[in-house]
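Here is how the chains run, residue by residue.
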Amino acid sequence: MRFILSIFLLTSFLASSKAQLKEPVPASEILHQMQKLQHTTRVLYVAAHPDDENTRFIAYVENGKKFEAAYLSLTRGDGGQNVIGPELREGLGLIRTQELLAARKIDGGEQFFTRANDFGYSKNPDETFNKWGKEEVLSDVVWTIRNFQPDIIVTRFNQTPGITHGHHTASAILADEAFKLAGDKNAFPEQLEYTNTWQPKKIYWNTSSWFFRRNEDFDRSKYVTENAGGYSPLLGISYTEMAALSRSRHKSQAFGTAGNRGDEIEYFEYWNGPENEKAIFSGIDHSWSEFKNGKAIQKAIAQLLNEFQATAPEKSINQLFEIKDLIEKLEDSAVKRDKLDAINELILNCAGFYHLLFHDNPYAAPGDQINVNLELVNRSDATIELLSAKIIELEKNIPISGDLKNNQVKLEGFALNIPDEFPFSNPYWLNKSSANGLYEVENQQLIGKAENPPAIEAQINLKINGNDFSFRSPLKYKTSDRINGEIIQPLYILPSVSVEFGEEVSIFTSNNQEKELTVKVKALKDNVTGDLNLKLPEGWEVIELENNLVFENLPKSSTKEFKIKIASGEESGKFDLIASVRMNRVMYSAHKVQEIQYDHIPNQVILRKAQQQLVLADVKIKGEKIGYIEGAGDAVDEALKAMGYEVDFIDIENISIDELKQYDAVIAGIRAYNVNAGLQIHYKKMNEYMNSGGVYMVQYNTTYSLPDTDFWPYPLNLSRDRITVEESPMEFINPDHPTLNYPNKISEDDFNGWVQERGLYFPDQWDKAYTPILVGNDPNETPKKGALLIAEYGKGKFVYTGLSFFRELPAGVPGAYRLLANLLATNPNP
């Protein structure tokens, strides 16, 4: 159960870069949550990605109808783009997971996922199922239904292929099939060791005019409707305003939106359920009357609401314990579980109870002894006695007990020893290497969960007004600064050191080529001593090691950088250079700790194997110095450095034409014209640069948020054309064109091993000054020629490409490096 804030507190806290652990819960919010105890109806919303969900409907169900709502996103959005930073794939999936949790914190819903990997854009559900494994993802949807136990399922998309993203259509197909299977004991019987079958009562498609945008009439009379545009006087906000705040958490997708007021009609197509009860909430008993003790529970809740005192909420605590006792007598169910959680939270909030278990560093390592503090404050006239407290994972008792008087702080510090074998904090779905379409999760009971449980928790045992009461308090990192004040973030258990190579990919262009690499060791605890060990591919050898890769007595958070020189082998291909670390005479697999920090989500970490990809390929480059105009975030600049270019980031607003001329070529990052305000204004500088002989390459942009300006040297029209099947053949329109021959001879082999897609957002119309180089298409589609366009301009060259270099280069695809080198080369002399 998550508690939302009043509008004033909500906006002020979310505007802050670091939210408090214990957010203020005013009496109006307490009353709102008490009112929700009256209702037992549950609604599960199903779609494919973070940001697919209808936040208006979820906010309305949770706060208008006061039912329980949850969103099942089949993927974590790993295959999307990122407009706020460089993270892609797993890093982006973790960001978008946290953005969804931040959204649910606002609208009050729960959040679930399947193991499905967002492998990129898919044009039909068959391709999607081939990648994911239909049965595996279907089992996860059934698992979520059996655990959440919804009365109603609502899909965001319909089952008609070709209207939208293949993942979208697949989500609707799976929801409909799971609706029919969740109650069948013969379907996925292995799940019944942990849960029970469950048959939802109804399923609907939440449609809108968007689905009929292709010249089809949207006949509203065919659909069941519900007005989601109400207003909550208790919360001081309309459900549509709340929905806008929720949707605006999806910052990585640039989905900030303004709040609406007034009516908001939602439309639903009935798919299955009682024929005579097609209205979405009809035919379902929303009260406790169908439960044992239901009348007594309903009566007790009514009395609770009638006697609630906003200025003295602690007077409701005894009544909450009475309701809790009644519900605990019921058979196990999702309603029982979640209502008990809600009541426990209400008891603490009615007492104004503050709890925080904290350490003064953001991470600890196995083997550490850390200083921990537990702060408890009863801010009410309730009689509360602290009986005991212990660290659950370590079975360690905390030396703290006694009466908790009104507004008197009880603070206890103690030492905590982290065992040597304590597991690291890594998102559970990233602990094993995943298949292309499905993350591997061995623990059935973790499947569906949005995130890991806290690394360390304390169990606090109280007696409140004579009633035994226990709850958990997670260990957090707490600090403060002069800008943000108090900062509270998750605490993570990490390795003693983080090992990171200077480049994710290093390119070798000839046999036995020598190259200097860098590797950094960052201490994550004090006085770290050890040495690095490197495992090279067969046939490769170490030429020189700086200081034998030994590090001694590194202070916490300090970094030591080493230089290593290696020589390539003779076999072309992709290989891994793997690091391990020896400390205290024990050899460990080394990890790179990736830290992700943004103001709108809690700090996150990912542990990856400490390794560098080595690519031996025949890549010739012409030119030395490349200018890079920043776009929405990619790692193409790093790949250019690995190829041997010198790379500078360009401030297009302030650079002069003469300064531009120092570069052999200039590249605009992905979506640069969408997000780089300076480029949108000073784009004509690039025409002058090309006119004087420069090469200018522009990576893909989208029509969304693109100013209505003729940016290009010759007219071209951007579209949504793309080739999503990465194995799709790419044919050469003119095999003799310099782009395919200089300085590297490009062949069909250079398009082997590409990942996720060929490219996206190709132009579909262009001026005759452009020469299309490649033609390809997804299965059963018409050929697309807009993936790569070349035009001469003055003495120079203009390249526009939707090819996914930003994905292929970090993946170490040799052919992508060879083709990129050709695009950046000036045309050979005749």
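Above: the structure in question.
Here the structure is a predicted model, which means the values were calculated and not measured.

1. Here we look at the overall build of the chain
Counting secondary structure elements, the chain contains 18 helices and 43 strands. On C-alpha atoms alone, the chain measures out to a radius of gyration of 29 Å, which is about the 28 Å that the 2.2 N^0.38 rule sets for 830 residues. Across the 830 residues of the chain, 57% fall into the buried class. For the chain, restricting intrachain contacts to residue pairs at least 6 apart in sequence, the fraction spanning at least 24 positions comes to 75%.

2. Examining the pairing of strand S12 (residues 369-377)
When strand S10 (residues 354-359) meets S12, the two strands line up antiparallel, connected through five bridges. For Tyr 354, the partnering residue across the bridge sits in S12 and is Val 377. Examined bridge by bridge, S12 and strand S16 (residues 409-417) share nine bridges and lie antiparallel to one another. Bridge pairing links Asn 371 to Ala 415 in S16.

3. Considering the packing of helix H5 (residues 125-132) against helix H7 (residues 166-181)
Relative orientation of the contacting elements H5 and H7 amounts to 80°, with a least axis distance of 8 Å. Judged by the inter-axis angle, H5 sits roughly perpendicular to H7. On the side of H5, the interface is formed by Pro 125, Thr 128, Phe 129 and Trp 132, while H7 contributes Gly 166, His 167, Thr 169, Ala 170, Ile 173 and Leu 174. Of the residues that constitute the contact of H5 with H7, the class distribution is six nonpolar, four polar and no charged.

4. Digging into the nonpolar core
Within the largest apolar cluster, 68 residues are counted, with the highest numbers of intra-cluster contacts made by Phe 57, Ile 280 and Phe 281. Element by element, the count of residues in this core is highest for H7, at seven residues. What Phe 57 contacts, discounting residues up to four positions off in sequence, is Val 43, Tyr 45, Val 154, Phe 268, Ile 280 and Phe 281. With 56 residues, the next largest nonpolar core counts Ile 301, Ala 364, Ile 391 and Ile 456 among its residues.

5. A word on the side chain of Asn 378
Inspection of the secondary structure puts Asn 378 in the loop between S12 and strand S13 (384-391). When its relative accessible area of 0% is taken as the criterion, Asn 378 is described as buried. Side chain to side chain, Asn 378 and Ser 380 meet in a polar contact 2.8 Å long.

6. Here's the deal with the sheet that holds strand S1 (residues 42-47)
Read from one edge of the open sheet, seven strands run S3-S2-S1-S4-S5-S9-S6, paired in mixed fashion. Every other strand in the sheet has two partners, leaving strand S3 (110-113) and strand S6 (224-227) as the edge strands with one partner each. Here the strands of the sheet are splayed against their neighbours by 30° on average, with no regard to which way each runs. With four bridges joining them, S1 and strand S4 (residues 152-155) adopt parallel strand pairing. What sits directly across from Val 43, in S4, is Ile 152.

7. Looking at H5
Helical geometry: 3.6 residues make up each α-helical turn, so side chains three or four residues apart lie on a common side. When H5 is considered as a whole, its buried residues turn out to be Pro 125, Glu 127, Thr 128, Phe 129 and Trp 132. The inward-facing, buried residues of H5 contact helix H6 (134-148) and H7. Regarding H5, its N-cap is Asn 124, as a side-chain oxygen of that residue lies 3.1 Å from the backbone nitrogen of Asp 126 further along. Where H5 ends, the next residue or the one after it, Gly 133, has phi of about 90°, a positive value.

8. Section: empty space enclosed by the protein
The method is simple in principle: a probe with the dimensions of a water molecule rolls over the atoms, and the space it marks as empty is what remains. Scanning all chains against the criterion turns up two cavities of 30 Å³ or more. Considering only enclosed or pocket space, the second largest cavity measures out at about 30 Å³ in volume. Forming the walls of the second largest cavity are Arg 76, Thr 114, Arg 115, Tyr 428, Trp 429, Val 441, Ile 447 and Gly 448. When the residues that make up the lining of the second largest cavity are grouped by side-chain class, the tally is four nonpolar, two polar and two charged.

9. A closer look at the pattern of salt bridges
Applying the stated rule across the entire model yields 37 salt bridges. For Glu 68, the salt bridge is made with Lys 339, and the minimal N-O distance between the two is 3.5 Å. Linking Glu 68 in strand S2 (residues 68-73) with Lys 339 in helix H11 (residues 334-350), this pair joins segments that are 271 residues apart in sequence. With its nearest N and O atoms 3.1 Å apart, the salt bridge here joins Arg 582 to Asp 531. With Arg 582 in strand S28 (residues 573-583) and Asp 531 in strand S24 (residues 528-535), this residue pair connects regions lying 51 residues apart in the sequence.

Reading guide: rules and limits
- Residues numbered from 1 in each chain as written.
- Predicted model: local features only at pLDDT ≥ 70, side-chain atom pairs only at ≥ 80, totals over all residues.
- Heavy atoms only, no water.
- Helix = DSSP H or I, 4+ residues; strand = E, 2+ residues; numbered from the N terminus.
- Rg over C-alpha atoms; globule rule 2.2 N^0.38 Å.
- Buried < 20%, exposed > 50% of the residue type's maximum accessible area, 1.4 Å probe, protein only.
- Contact = heavy atoms within 4.5 Å.
- Pairing = 2+ DSSP bridges.
- Axes fitted to C-alpha atoms, helices over the stretch in contact; angles between N-to-C directions.
- Parallel < 35°, antiparallel > 145°, perpendicular 65-115°, else oblique.
- Nonpolar A, V, L, I, M, F, W, Y, C, P; charged D, E, K, R; others polar.
- Core = buried A, V, L, I, M, F, W, Y, C linked by side-chain atoms within 4.5 Å.
- Polar contact = N/O pair within 3.5 Å; in protein donor to acceptor, adjacent residues only side chain to side chain.
- 1 Å grid on protein atoms, 1.4 Å probe; cavity = no way out; pocket = protein on both sides within 12 Å on 5 of 7 lines; lining within 4 Å.
- Points joined across faces, edges and corners; volume = space filled by probe spheres on them.
- Salt bridge = Lys/Arg side-chain N within 4 Å of Asp/Glu carboxyl O.

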